[in-house]
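Spelled out from the first residue to the last, the chains are:
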Amino acid sequence: MPHALTFHCTPTQPSGTLPKLMATLRKKLSWTMLGLYWPAMFISTHIPRPPALHIYGSDVTLHFTAYFILTVLFWVARYGQEIPDLRKPNVYKVILLISVYAFFDEFLQIFVGRHASVTDWISDVAGCLFALLIILQIRKWWYWLAWYWMVMFVITHWPIKGELFFELPIWLQQFEFALTFSAYVTLTLLFWRTLSPEPRFVYSSKILLLTMTILPAYALLDEYLSMLM
């Protein structure tokens, strides 16, 4: 009588092991990035004689951007993927923490020969608030599309020729075509994803028609406005 066939199966990991591992790694990475960024930002704001930077107007843009990044890193490290809720104290704790730190950051600069500025502090808090607003709307693709499109328009139509928020390095200026190409590829992907009704990219003749009509028309208008300015 033939022997019955037997199969030996190795035990598999529980289905929840991999997500937990990824969550742990994400948490450690978030705290590591925050731990590197925050001290680096503190040191840069307390250098007695910082290197000269070519910045349009004041350094409001740098303050806004620095605290925008700080708030995003802190929120991700502390609260993970939790979406800010105005009914919970988490949002107000972050605003208070960042605002108080920004105040002391400006105050301590006096002792290293730099100037404390109320305008800089307001820019810091504005960067914090804007970061929380972005995180609040992070799951809405139309929101990302609207902000990206607006920022892209402002950058390409900055009123002072040859000046932006900061001066691009010379080695980067020669890649203007690549930067423009990448900007429109990103815009196209955001536009396509926003029009897709399902939680993924969806192909349809309607979406293709809208994409191939609206974006080229905008590109022509964008170039025309650039010529006028």
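Our subject in this report is the structure included herewith. (Residues numbered from 1 in each chain as written. Predicted model: local features only at pLDDT ≥ 70, side-chain atom pairs only at ≥ 80, totals over all residues. Heavy atoms only, no water.)

### Quick look at the overall build of the protein
Helix and strand content of the protein: eight helices and zero strands. Counting all 229 residues of the protein, 26% fall into the buried class. Only carbon and sulfur atoms are counted for the fraction: they give 73% of the accessible area of the protein, which is about 16400 Å². (Helix = DSSP H or I, 4+ residues; strand = E, 2+ residues; numbered from the N terminus. Buried < 20%, exposed > 50% of the residue type's maximum accessible area, 1.4 Å probe, protein only. Areas by Shrake-Rupley, 256 points an atom, 1.4 Å probe, with all protein chains shown as cover.)

### A closer look at the environment of Glu106
Residue Glu106 is classed as buried on the basis of its relative accessible area, which comes to 3%. Spatially, the C-alpha atoms of Glu106 and Ser117 are 6.7 Å apart, while their sequence positions differ by 11 residues. Among the polar contacts listed, one links the side chain of Glu106 to the backbone nitrogen of Ser117, at a separation of 3.1 Å. (Polar contact = N/O pair within 3.5 Å; in protein donor to acceptor, adjacent residues only side chain to side chain.)

### Details of the packing of helix α2 (residues 60-79) against helix α3 (residues 89-108)
At a minimum axis distance of 11 Å, the contact between α2 and α3 shows a crossing angle of 135 degrees. Taken together, α2 and α3 sit at an angle that is classed as oblique. The hand of the α2/α3 crossing is right-handed. Of α3, the residues touching α2 (which contributes His63, Tyr67, Leu70, Thr71, Phe74, Trp75 and Tyr79) are Asn90, Val91, Val94, Leu97, Ile98, Tyr101, Ala102, Asp105 and Glu106. Of the residues assigned to the contact of α2 with α3, the class counts are 11 nonpolar, three polar and two charged. (Axes fitted to C-alpha atoms, helices over the stretch in contact; angles between N-to-C directions. Parallel < 35°, antiparallel > 145°, perpendicular 65-115°, else oblique. Left-handed = near helix turned anticlockwise from the far one by under 90°. Contact = heavy atoms within 4.5 Å. Nonpolar A, V, L, I, M, F, W, Y, C, P; charged D, E, K, R; others polar.)

### Notes on the nonpolar core
Counting residues in hydrophobic clusters, the biggest one holds 19 residues, and the most contacted among them are Leu34, Trp38, Met41, Tyr67, Leu70, Trp75 and Val94. Of all elements in the fold, only α1 (17-44), α2, α3 and α4 (118-136) reach the threshold of two or more residues within this core. A per-element tally of this core places α2 first, with eight residues. What Trp38 contacts, discounting residues up to four positions off in sequence, is Leu70, Phe74, Leu97 and Tyr101. (Core = buried A, V, L, I, M, F, W, Y, C linked by side-chain atoms within 4.5 Å.)

### Some remarks on the packing of aromatic side chains
With the rule as written, the count across this model stands at 13 aromatic pairs. Between Tyr67 and Tyr101, the ring centres sit 6.2 Å apart and the planes meet at 45 degrees, which makes this aromatic pair tilted. One end of the pair, Tyr67, is in helix α2; the other, Tyr101, is in helix α3, with 34 residues separating them in the sequence. Residues Tyr67 and Tyr101 agree in their burial class; the two are buried. Note on Trp75 and Tyr79: the rings are 4.5 Å apart at their centroids and 45 degrees apart in plane angle, and the pair reads as tilted. Of the two residues, Trp75 and Tyr79 are both situated in helix α2; the distance of four residues between them amounts to about one turn of the helix. Take Trp75 and Tyr79: they sit in the same class, and that class is buried. (Phe/Tyr/Trp six-rings, centres within 6.5 Å; stacked < 30°, edge-to-face > 60°.)

### Points about the packing of α2 against α4
The N-to-C vectors of α2 and α4 enclose an angle of 40 degrees; their axes lie 7 Å apart at closest approach. With respect to each other, α2 and α4 are oriented oblique. At the point where α2 passes α4, the crossing takes the right-handed sense. When α2 is examined against α4, the residues Val60, His63, Phe64, Tyr67, Phe68, Thr71, Val72 and Trp75 are found in contact with a partner set consisting of Thr119, Asp120, Ser123, Asp124, Ala126, Gly127, Cys128, Phe130, Ala131, Leu132, Ile134 and Ile135. When grouped by side-chain class, the residues that make up the contact of α2 with α4 number 13 nonpolar, five polar and two charged.

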